[in-house]
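# Residue-level structural notes
Each chain, letter by letter, is given below.
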Amino acid sequence: MVNRSDTRYRLELYPASATVDGGQFRFGEGRSANELTSWTSLDRSTVTLGPGDESDLTATIRVPKEASAGERYAVIWAAVTSAPKDGGNVTQVHRVGIRVYLDVGAGGEPPSSFAIGDFTAGRSAEGQATLAVAVRNTGGRALDLTGTLSLAEGPAGVRAGPFDVVDGTTLGPAQSGSVTVALPPKLPNGPWRADLTLTSGLVKETASATITFPDPGEPASTFGLDDLSMFVGGSLVVGLLLLAGLLLVVRRRRQTPLPAAG
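To start, this report covers the structure provided alongside it.

What counts and how
- Residues numbered from 1 in each chain as written.
- Predicted model: local features only at pLDDT ≥ 70, side-chain atom pairs only at ≥ 80, totals over all residues.
- Heavy atoms only, no water.
- 1 Å grid on protein atoms, 1.4 Å probe; cavity = no way out; pocket = protein on both sides within 12 Å on 5 of 7 lines; lining within 4 Å.
- Points joined across faces, edges and corners; volume = space filled by probe spheres on them.
- Helix = DSSP H or I, 4+ residues; strand = E, 2+ residues; numbered from the N terminus.
- Salt bridge = Lys/Arg side-chain N within 4 Å of Asp/Glu carboxyl O.
- Buried < 20%, exposed > 50% of the residue type's maximum accessible area, 1.4 Å probe, protein only.
- Contact = heavy atoms within 4.5 Å.
- Phe/Tyr/Trp six-rings, centres within 6.5 Å; stacked < 30°, edge-to-face > 60°.
- Lys NZ or Arg CZ within 6 Å of the ring centre and 35° of its normal.
- Pairing = 2+ DSSP bridges.
- Axes fitted to C-alpha atoms, helices over the stretch in contact; angles between N-to-C directions.

### Comments concerning the layout of surface pockets
Quantified by volume, the largest pocket comes out at close to 480 Å³. Lining the largest pocket are 26 residues, and of these M1, V2, L11, A78 and V96 lie nearest its centre. When contributions to the lining of the largest pocket are tallied by element, the ones reaching two or more residues are β1 (9–21), β6 (70–82) and β7 (92–104). Looking at the lining of the largest pocket, the element that brings in the most residues is β7, giving 7 residues.

So this is what it looks like as structure tokens:
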């Protein structure tokens, strides 16, 4: 913790609940508790920092032996409460926190993976181009997704981007959702080749689709991937190759001439 202001602050320190739902990491209200917060203890509950002061906080998580397998989520908060202004009765609480992702289970950390699905291109009535891309968490850990989109082979061969994926999409294990891309309002309709790169930690996936944005006020259109194997992380291609090899072996065996009768 670092106080970069010119004011002396007394911080309240505490864990509080969180969930992963609807494509977002959601904070619980106030000091709401859950299973993970009951396992979490801090080495102090308050700290006072003057201008430029720094301090370390130690959090300890003790998981009971009878805990069931699965992920839990929480936040460790540092909060400052401001007294009501003269004549007022509203107390303001300003806080910053650190997310906690805890996986309970035997063995090492579960694998992290995800698959990219369809691209949906739209345009608002005001002309703002929009793009949403479906994503499915196929691993055992929650994912915080970021990335970039590049557009190529547009009208007259023009290129555009890269454009950032809007932060804020978090998917728990087996959850599906979408990421959105921030695009300029004057972007031509296309068609475009859209190349998307998504990352979560050390995991990275890419996908491409040929898309066309609608005119203002028209409904959005959904486009499948140019290479469907990207949605299943290459397993479709491997399966097709194995099937082709098996069919080739069968055909060759069927074409082997029978020995002449003696």
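Moving on from the coordinates now.
### Side note on the pattern of salt bridges
Taken as a whole and assessed by the stated rule, the structure comprises 7 salt bridges. R31 is the partner of E12 in a salt bridge, and the nearest nitrogen-oxygen pair spans 2.7 Å. In this pair, E12 is assigned in strand β1 and R31 in the loop between β2 (24–27) and α1 (35–39), connecting sequence segments 19 residues apart. For D43, the salt bridge identified is with R44, shortest N-O distance 3.5 Å. Salt bridges linked by common partners bring E153, R193 and D195 together as one network.

### Here's the deal with the environment of P219
Relative to the elements of secondary structure, P219 occurs in the loop between β15 (203–211) and β16 (221–223). Taking relative accessible area as the criterion, P219 reaches 65% and is therefore assigned exposed. Put simply, P219 and G122 are 97 residues apart on the chain and 6.8 Å apart in space, counted from C-alpha to C-alpha.

### Looking at the environment of T210
With respect to the helices and strands, T210 occurs in strand β15. A relative accessible area of 41% places T210 in the partly exposed class. Through-space distance from the C-alpha of T210 to that of F223 is 7.1 Å; in sequence the pair is 13 residues apart. Other than its neighbours up to four places away in sequence, T210 contacts P191, W192, F223 and D226.

### Some words on the side chain of S200
Of note, S200 is situated in strand β14 (residues 192–200). Excluding its chain neighbours within four sequence positions, the residues that come into contact with S200 are F114, L143, D144 and L145.

### Observations concerning the packing of aromatic side chains
Overall, the coordinates contain 5 aromatic pairs when judged by the stated rule. Summarising the aromatic geometry, the rings of F25 and Y73 are spaced 6.2 Å apart at their centres and angled 80° between planes, so their arrangement reads as edge-to-face. Here the residue F25 occupies a position in strand β2, and Y73 occupies one in strand β6, the gap between them amounting to 48 residues. Assigned by exposure class, F25 and Y73 land together as buried. Ring plane angle 85° and centroid distance 5.8 Å describe the contact between Y73 and Y101, whose orientation is recorded as edge-to-face. Taken as a pair, Y73 in strand β6 and Y101 in strand β7 lie far apart in primary sequence, 28 residues in all. The buried category is assigned to Y73, whose relative accessible area is 10%. Cluster of aromatic residues (ring-pair linked, three or more members): F25, F27, Y73, W77 and Y101. Positioned above the aromatic ring of Y14, the side-chain terminus of R31 is 4.0 Å from the ring centre.

### Let's talk about the sheet that holds strand β8 (residues 114–123)
Strand pairing in a sheet takes place through backbone hydrogen bonds and is either antiparallel or parallel in direction. Pairing in this open sheet of 4 strands is antiparallel, and the strands run β13-β9-β8-β16 from one edge to the other. Since the sheet does not close on itself, it has two edges, and those belong to β13 (176–181) and β16, each with one partner. The mean inter-strand angle of the sheet, taken between neighbouring strand axes irrespective of direction, is 25°. Bridge analysis of β8 against strand β9 (residues 129–137) gives 8 bridges, and the strand direction is antiparallel. Counterpart to G122 in the pairing with β9 is T130.

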